[in-house]
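Spelled out, the chains give:
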Amino acid sequence: MEIELKTPEEIGHMRRAGLVVADALARMRAAVAPGVSTADLDRIAEETIRAAGAVPSFKGYHGYPASICSSVNDQVVHAIPSPRQVLREGDLISIDCGADLDGWHGDAAITVGVGAVDPDLLRLVRVAEDAMWAGIAAAARGARSGKGRLTDISFAIQSTIRKAGRYGIVEGYGGHGIGSAMHQDPFVQNSGRPGKGPMLRPGMALAIEPMITKGKPKVAELDDGWTVVTVDGSVAAHVEHTMAFCDDGVWVTTAHDGGRAHLGDLVTAREPVGASE
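Position labels on residues start from 1 in each chain and follow its written sequence. Side-chain atom pairs in this predicted model are given and counted only at pLDDT of 80 or more, local residue features only at pLDDT of at least 70, and totals for whole chains, interfaces and linings cover all residues. The basis for every side-chain value is the complete set of heavy atoms in the structure, and neither hydrogens nor water enter the calculation.

Examining the side chain of T253
Our working definition: By definition, any uninterrupted DSSP run of H or I lasting at least four residues is a helix, any uninterrupted run of E lasting at least two residues is a strand, and each is numbered from the N terminus. It only takes one pair of heavy atoms within 4.5 Å for two residues to be counted as in contact.
With respect to the helices and strands, T253 occurs in the loop between β15 (249–252) and α5 (260–263). In contact with T253, other than residues within four places in its own chain, are M14, R15, G18, L19, T242, M243 and A244.

Digging into the sheet that holds strand β10 (residues 211–213)
Here is the rule we go by: A pair of strands counts as paired when DSSP detects no fewer than two bridges linking them.
If you trace the 3 strands from one edge of the open sheet to the other, you get β6-β10-β13, paired in antiparallel fashion. Each edge of the open sheet is held by one strand with a lone partner, namely β6 (168–169) and β13 (236–238).

Things to note about the sheet that holds strand β3 (residues 75–77)
Test applied: Convention adopted: a line fitted to C-alpha atoms gives each axis, helices being fitted over their contacting stretch, and angles between N-to-C directions are expressed from 0 to 180 degrees.
The strand order β3-β12-β11 describes an open sheet built from 3 strands, whose pairing is antiparallel. The open sheet has two free edges, formed respectively by β3 and β11 (219–221), since each of these has just one partner strand. Neighbour-to-neighbour, the strand axes of the sheet open up by a mean angle of 40 degrees, direction not taken into account. As defined by bridge partners, β11 adjoins strand β12 (residues 228–230) across 3 bridges and the pair is classed as antiparallel. Residue V219 lies in a different strand from β12, and its bridge partner there is T230.

Some thoughts on the UniProt feature "binding site: a divalent metal cation 2" (unreviewed entry) in the protein
So the rule is basically this: UniProt positions are given in the numbering used here, feature names are shortened, and annotations may be inferred rather than shown by experiment. Accessibility here uses a 1.4 Å probe with only protein chains present; expressed as a share of the type maximum, an area under 20% marks a residue as buried, one over 50% as exposed, and anything in between as partly exposed. Here a polar contact is taken to be a pair of N or O atoms separated by no more than 3.5 Å, where protein atoms must pair a possible hydrogen donor with a possible acceptor and residues adjacent in sequence count only if both atoms sit in side chains.
Here, UniProt's "binding site: a divalent metal cation 2" (unreviewed entry) annotation points to D107, H176, E209 and E240. Taking the farthest pair of C-alpha atoms as the criterion, the annotated set spanning 134 residues converges on one region, since that pair is 10.5 Å apart. Among the structural elements, D107 can be located in strand β5 (residues 104–113). By relative accessible area, D107 is classed as buried at 2%. For D107, the contacting residues outside a window of four places in its chain are V21, F58, D96, C97, G98, H176, I178, M182, E240, H241, T242 and T254. For D107, the side chain forms a polar contact with the side chain of H176, separated by 3.2 Å.

Rendered as structure tokens:
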């Protein structure tokens, strides 16, 4: 396992990339409505990313043809945007977006309801978000204590989901290291025992990425070679943020506030070096 450790200046570059992603996701969230196609959302993302002087991390990655992944209802992750996939009232859409700015990456995902949505589905989204923030907080606390290990994140995500109800935790997909490449070591599972894997320390950067379902966790990849769906047809939610470990705390590079609303003083007291350039 080769884990890339970043300098404070490099984390600052990641913050700039992360803000591009945050802006793109904010614009897409505002655009989600019945009658909007996933291709429309992809166009918004690419325009926002390129206007900021960045390039979409996803486009061309292993041949992927778009700037976002736009997964609707039983599509868990990696669904390709299409003008034929038009959002309908009551849908859930997961939007995953990445940006490369000057060779440094940000990666984040949101799940959004379309119009009036079943409250049970909105709760599914909240559970996924709560699990993501629990994983980020566990990472921050572990790094601060000097005793944190990678699977502390996995355990916190799993525990939050299990306490919330009978949701499926998708296996085989999860978070990852990130920095000068979009996907790096280590892989971050969304379940597992704590206290295992690499120590969490300054210079690391991770994308924390829960994926949960209303039903069973088994998934399958479609013939397009990308789209992952639930086998039982249950609706899924997928959320993600990129976080970086600094000397005096963490910084959620893809959150406009750096994560402070959810993490409080676990967030570093300083904006990453060079983030405002």
